[in-house]
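# Summary of structural features
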Amino acid sequence: MKQSSQSLTRSFYRRNFLSILLAVFLLGSFWFISSYQQLVSTTELLKEKAIQQQRQELKQRTLYILNIIKHEQQALQKNINEEVRQSTNDAYAIVKELYNYHKENGSMEQIRTEIKNVLKGLRHDEARGYYFTLSLDDSIEKIALSVRHLEGTSFFKNSDIGTQSILQDLMNIARNKGEGAYNYTCKIPNDPQGQHKKIAYVKYFAPLNWVIGIDEYVDKIVSDHQKNLIERIEKIKFDNNGYVFVTDFSGLSLSFPAKGRNMYEVRDNNGLKIVQEMIAIAKEGQGFLEYVMPPLEGERPEAKISYVAGIPEWGWYVGSGDFIADLDAEVSAMLKERKISLIQEMITILCTLIVSLLLLAYSSHRFNKQIISSFSNFRDFFHHAADNAISLDLNEQKFIEFQQLALDANKMVDKRREAENFLRSEEFKFRTLFEHVSDYVLILQYQKEQLIIVNVSESACRKHDYTREELIGKPLTFLTLSEEGGLDNDKQLRLLQEGKTVRIEVSHRRKDGSIFPVETTLKMVEIEGESYLFAIERDVTEQKKLKQQQLEMEEQLRQRYKMEAVGLMAGGMAHNFNNSLAIVLGNLEMAQRKLSQPEKLQIYLTNALNAIMNTRSLINQIMTYSHKGNHEKKSVQLSIVIEDTLKLLHSTAPTTLNLSYSVTDKDKELKVYADSEQLQETLLNLYTNALHATDEEGEIRMTLQSVKLDQTEIPAHHDKGPGIYAKLSIKDNGCGIAPATLDKIFDPFFTTKDVGKGTGMGLSSVQGIMEQHAGFINVISSEGQGTTFELYFPTITNQTNNPLDLKNETILKGSENVLLVDDEKQLIHIDGEILTDLGYKVTSVSSGKQALELIQKNPESFDLILTDQTMPEMTGKELAVEIRKAGLKLPIILCTGYSSKITKDEITSFGITAYCTKPLRLSEFSHIVRETLDHSSKIK
């Protein structure tokens, strides 16, 4: 161990010195590499800059000459026009002077001849053109020209059509304007190139009725100007002996250095056809070309770069070039200066680094000695710290860091002692709380895929009647009814693993086997690297009892509210019943009086039947609303529920109230997943509120429509998602709701009505029903302006409607034996008459006991039992139960006007085959009897 140990201070000193040396070396290397890279980069930049500068200079030279040529091109046409105009004026002046000189002494013919002779001897601009005269005398129509074969001829008779047109245009200019220029094209004799541009200028001389003019080829004028322009370009000098050259697209050099030579096929040393490449660039516009200069007189056969630009109107290109070697020499001189400067900088930096290295080495040695001294003090401190609480002298420490370390070391023993005392105190507090908390605590851990109880509070032991020893080490299923201790899905486990708190409800078993409900709050905690489940549990037996009592009370209050609503509509119902009875009574009495008139008798009986059926429909609606039973949700067409409810409301609403409903044909098909009875309860509650708000005078309007809501249109407190909703609005023009009251209207038992006039459960019930149907309510109200309740139901996709099971008007008959049981004599009589008329054999009794005795004596005598429900001594339900107890399988139809003891949903549990509600039409009655018999025969 001693052989491998090293001195910390010596090692620190050596490593510090090596680090300094390495740092100096790295800094020097970095600087050298950076300087070299900078030199290389500078070289490239200088070269690139020089190339760009050279290219820019070549381009500027070329474009300067190009602009001069373009300017000459623009001015050329104007100059041509001015030249021919001036020449014509000169000829005109000669003619005028000759005419004035001879007009006193000679005849007109002599004057014309003299003038012609003078003009024949004149040539314009070094014989480039000629003068001519045209006679405008219609009788003569002669041409006087210096061209012999045309002189004195008639141009209308001897010229081609083209020449006639030109001469006619010239004469028209003279006649109409007095003078003017004329441009045209014509052929040159023996010239295969065809048409050439010409320009003529004419002026009218009135004394002789002549047109005096001059005619020239434009190409010759342009050529002369181009020659003059080339001479001017050759005289232009540029800096650094720069020059420009002009060549046409055929390769003919028009200026120096190869003036007059055709360079089209000339190649450089690399085989590049220089001029052809330049022509290609010029025809495209402008550009650079690098090549090797061919051995021309006065030129070095070296690499060059030129910039050329095309002049397509003249078939020329102009360019300027420089030798690349001249650029390299310039860059090399600049780089030489930069290298000398770099060497001087390297020598200076190297000397600086050496001096810095020596100074750092000396400083490191002194620093090392001081550190050794401080480490010695701390070595002695830690050597004695385990046995004695000695302190370090802060004044002996040379560095602030060691002084702070010594101060912290002096506090270490005191802090450790304080921490030990604090931990003992906290452990005592935790144990006290753990053992005496009212909600008991279990600490659980997963072991071999089971939750094991590793610790419990004393209160948990008391609650389960176990000792701590009996519980610790047992799986949690020892106390619970479920296999996994209540953690029965992966989502709960995942939440716990994410550090979330999970609350579940389970059932626990005491030592005596009794079961009680427990609410458990679970949290995953980590103690000393191991994961535990910390469970706080509470017995919620009393809370569940209170909640059940509260639910039962709320249901009673809702049922009472229903009865209040029925009571509110009682007057309307009585009015409706009396109207129906009046219709029945009047039509029956008229039927008695018209027995001899069958056609009228049928009308009266039909009217009475319709009144009875309307009354039956109203009674069924009232019974459905007031019924207290289980709720079942299914696909419901909302408009049908609304319309059925409106039938009830219209029949009971006061005449002073205007009740209306609107819906489009499309929205009639809206379907929701709901319980029809609860929907009807909601509508009636809101109708009752609106009726009170309007004081039974005003307007209540219901509207159904489909709306698409996004998340921003749904109030945040409703916590509903976006989608298609069925929106049902109930709007009244009543007194409205005060702003202070609006937030309380859905609170249970809140009411603004007088004592005894309201339970305060109506709107609370509506809100509860809406929550059960995953919908929400929006209320819009202004005091004195009325109120609108907007109910939003999530819609469901359209489902195929089941065809309505409508009974037709056909009468079904039979011949079976029927036992008829009813305590109402008149009903026994009429039902017996009906069944007999349908072909059945009927036995009638007035009580359930009599019926049971007949069946027990001879059960084979009857094929069907038709019984009333509400009868003295034995009800229809009790009769069915006794028949089933006897093991008889006779079909039983229970037909009742009303019973609170049995509902349509309960009949099968009592062995009843079919159920119907009085009164029934003959067709309905015959169908239910026949179908029950047929169904029973199939089962047998």
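Calculation criteria
- Starting afresh in each chain, residues are numbered from 1 along the sequence in its written order.
- Only residues with pLDDT of at least 70 are given local features in this predicted model, and only at 80 or more are side-chain atom pairs given and counted; all residues enter the totals for whole chains, interfaces and linings.
- Side-chain metrics rest on all non-hydrogen atoms present in the structure, leaving aside hydrogens and water.
- Helix numbers and strand numbers start at the N terminus; a helix is a DSSP run of H or I with at least 4 residues, a strand a run of E with at least 2.
- Contacts are assigned to residue pairs with any non-hydrogen atoms lying within 4.5 Å of each other.
- Here, strands pair whenever DSSP counts at least two bridges between them.
- Convention adopted: a line fitted to C-alpha atoms gives each axis, helices being fitted over their contacting stretch, and angles between N-to-C directions are expressed from 0 to 180 degrees.
- Criterion for a salt bridge: a side-chain nitrogen of Lys or Arg within 4 Å of a carboxyl oxygen of Asp or Glu.
- For every residue, the accessible area (1.4 Å probe, protein chains only) is compared with the maximum for its type, and the residue is labelled buried under 20%, exposed over 50%, or partly exposed between those bounds.
- N or O atoms within 3.5 Å of each other form a polar contact, as long as, within protein, one can give a hydrogen and the other can take it, and as long as residues adjacent in sequence are counted only when both atoms are side-chain atoms.
- In this scheme, roughly parallel covers angles under 35 degrees and roughly antiparallel covers those over 145, while 65 to 115 is roughly perpendicular and the rest are oblique.
- The sense of a crossing depends on the near helix, which, turned anticlockwise from the far helix by less than a right angle, makes the crossing left-handed and, turned clockwise, makes it right-handed.

## Quick notes on the overall build of the protein
- Broken down by element type, the protein carries 22 helices and 26 strands.
- Excluding contacts between residues fewer than 6 apart, the proportion of contacts in the protein whose partners are at least 24 apart in sequence is 60%.

## Some points on the sheet that holds strand β11 (residues 450-456)
- Strand order in the open sheet formed by five strands is β11-β10-β14-β13-β12, with antiparallel pairing between adjacent strands. Each edge of the sheet is formed by a strand with only one pairing partner; in this case those strands are β11 and β12 (501-509). Between one strand axis and the next, the sheet turns by 35° as a mean value, whatever way the strands run.
- Where strand β10 (residues 440-447) and β11 come together, six bridges link them in antiparallel fashion. Within β11, the residue paired with Tyr446 across the bridge is Leu451.

## So, the pattern of salt bridges
- For the structure on display, the rule yields 25 salt bridges.
- Residue Glu470 pairs with Lys511 through a salt bridge whose shortest N-O separation is 3.1 Å. Here Lys511 lies in the loop between β12 and β13 (515-527) and Glu470 lies in helix α10 (residues 468-471), a separation of 41 residues in the sequence.
- Judged by relative accessible area, which is 28%, Glu470 ranks as partly exposed.
- The partner of Glu505 in a salt bridge is Lys544, and the shortest N-O contact between them spans 2.6 Å. Placement of the pair is Glu505 in strand β12 and Lys544 in helix α12 (residues 541-568), with a sequence separation of 39 residues.
- Each of the salt bridges in this network shares a partner with another, and the network as a whole consists of Glu57, Arg61 and Asp322.

## Concerning the environment of Ser781
- Looking at the element boundaries, Ser781 is found in strand β20 (residues 776-782).
- Once the C-alpha coordinates of Ser781 and Leu742 are considered, the two residues, 39 residues apart in sequence, prove to be 8.2 Å apart.
- When sequence neighbours within four positions are dropped, the list of residues in contact with Ser781 reads Gly736, Ile737, Leu742, Gly786 and Thr787.
- In terms of polar contacts, Ser781 uses its side chain to reach the backbone carbonyl oxygen of Gly786, at 3.4 Å.

## Here's the deal with the packing of helix α20 (residues 848-857) against helix α21 (residues 876-885)
- At a minimum axis separation of 10 Å, α20 and α21 run at an interaxial angle of 20°. It follows from the interaxial angle that α20 and α21 lie roughly parallel. Read as a crossing pair, α20 and α21 show a hand that is right-handed. On the side of α20, the interface is formed by Gly848, Ala851, Leu852 and Ile855, while α21 contributes Leu879, Glu882 and Ile883.

## Quick look at unusual backbone geometry
- Cis peptide bonds are those with omega within 30 degrees of zero, and the linkage from Lys918 to Pro919 qualifies with -5°.
- Structurally, Pro919 can be placed in the loop between β26 (914-917) and α22 (922-939).
- One non-glycine residue, Asn209, adopts positive backbone phi at about 60°.
- The exposure class assigned to Asn209 is partly exposed, which follows from its relative accessible area of 25%.
- Although it is not a glycine, Asp695 adopts a positive phi angle of roughly 55°.
- Among the structural elements, Asp695 can be located in the loop between α16 (676-694) and β18 (698-709).
- A relative accessible area of 62% means that Asp695 is categorised as exposed.

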